[in-house]
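Structural overview for review
For reference, the chains in residue letters:
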Amino acid sequence: MDYLLSHLPEILIVLGLIMLATEVLVLGFSTFVLFFIGIGTIITGLLMLLGMLSETILSALLAIAIISSIVAVISWKPMKRMQNNVTLNQVNNDMIGHQFTLSEDLTVGKRITHRYSGIDWQVKAKQPLTSGTEVSIVKMEVGLLTVEAVKESA
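Presented here is a report on the structure given in the accompanying data block. All values reported here derive from a predicted model rather than from experimental measurement. All residue numbers refer to positions counted from 1 along the written sequence of the respective chain. Local features in a predicted model are, by the rule used here, given only for residues with pLDDT of at least 70; side-chain atom pairs are given and counted only at 80 or more, and totals for whole chains, interfaces and linings are based on all residues. By convention in this description, side-chain values take in all heavy atoms of the structure and omit both hydrogens and water.

The relative placement of two aromatic rings is captured by the distance of their centres and the angle of their planes. By convention, a stacked pair of Phe, Tyr or Trp rings (six-membered ring in the case of Trp) has centres within 6.5 Å and planes under 30 degrees apart, an edge-to-face pair has planes over 60 apart, and any other such pair is tilted. Tallied over the entire structure, the rule returns four aromatic pairs. Here the aromatic rings of F35 and F36 are separated by 5.8 Å at their centres, their planes lie at 65°, and the arrangement is edge-to-face. Of the two residues examined, F35 and F36, each falls in the buried class. Ring geometry for F36 and W76: centres 6.1 Å apart, planes at 45°, overall tilted. Pair noted here: F36 is in helix α3 (residues 33-49) and W76 is in helix α4 (residues 57-84), with a separation of 40 residues, a long-range link. Throughout, exposure labels follow a simple rule: accessible area from a 1.4 Å probe, protein chains only, divided by the maximum for the residue type, with under 20% read as buried, over 50% as exposed, and the rest as partly exposed. Residue F36 is classed as buried on the basis of its relative accessible area, which comes to 7%. Strands are runs of DSSP state E lasting at least 2 residues, helices are runs of H or I lasting at least 4, and numbering of each runs from the N terminus.

Printed below as a string of structure tokens:
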């Protein structure tokens, strides 16, 4: 216990870095809790090293709580805005471009079912298509295929 107390600032800095690494690498920067506490722990350790804070567990816990709260209040909105700024990319896979023949009429706003690779997919189109039309998959979402008619080559 004496060893821990005599090296408290260094231990706090290492613990803070571990919390930051865990938040970013394991949790994918999704909760922010470990980030705020990690920043508070590092700053507390640095303040102890500089002699601005006494090297006791009580002062360390109090300083971590106060600093973490201040950091959270100041940076919550910018970090939440950063987290919500997500770009969705359409994944290109082997199903895009796959062609099949419609078994029934497909109108705009209506969905039909098509069995492909052992899975029943919902199929929709942006224009009305009649039964027997050769179509190609142009977009794929979870359980949903968007198709359009295959253009006849001359």
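Where helix α2 (residues 8-26) meets α3, the axes come as close as 7 Å, and the angle between the chain directions of the two elements is 160°. In terms of axis orientation, α2 runs roughly antiparallel to α3. α3 is crossed by α2, and the crossing has left-handed handedness. Axes, fitted as lines to C-alpha atoms, cover a helix only where it is in contact. Angles between the N-to-C directions of the axes lie from 0 to 180 degrees. Roughly parallel covers angles under 35 degrees, roughly antiparallel covers those over 145, roughly perpendicular covers 65 to 115, and oblique covers all other angles. A crossing counts as left-handed when the near helix is turned anticlockwise from the far one by less than a right angle, and as right-handed when that turn is clockwise.

To continue, consider the sheet that holds strand β3 (residues 119-125). Hydrogen bonding along the main chain pairs the strands of a sheet, whether they run parallel or antiparallel. Any two strands with at least two DSSP-identified bridges between them are counted as paired. Reading across from one edge, β1-β4-β5-β3-β2 is the order of the five strands in this open sheet, with mixed pairing throughout. Strand pairing shows two members of the sheet lacking a second neighbour, β1 (99-101) and β2 (112-116), which therefore form its edges. On average, each strand axis in the sheet is tilted by 45° relative to the strand beside it, whichever way the strands run. One ladder, built from three bridges, connects β1 with strand β4 (residues 134-141); its direction is antiparallel. For F100, the partnering residue across the bridge sits in β4 and is V135.

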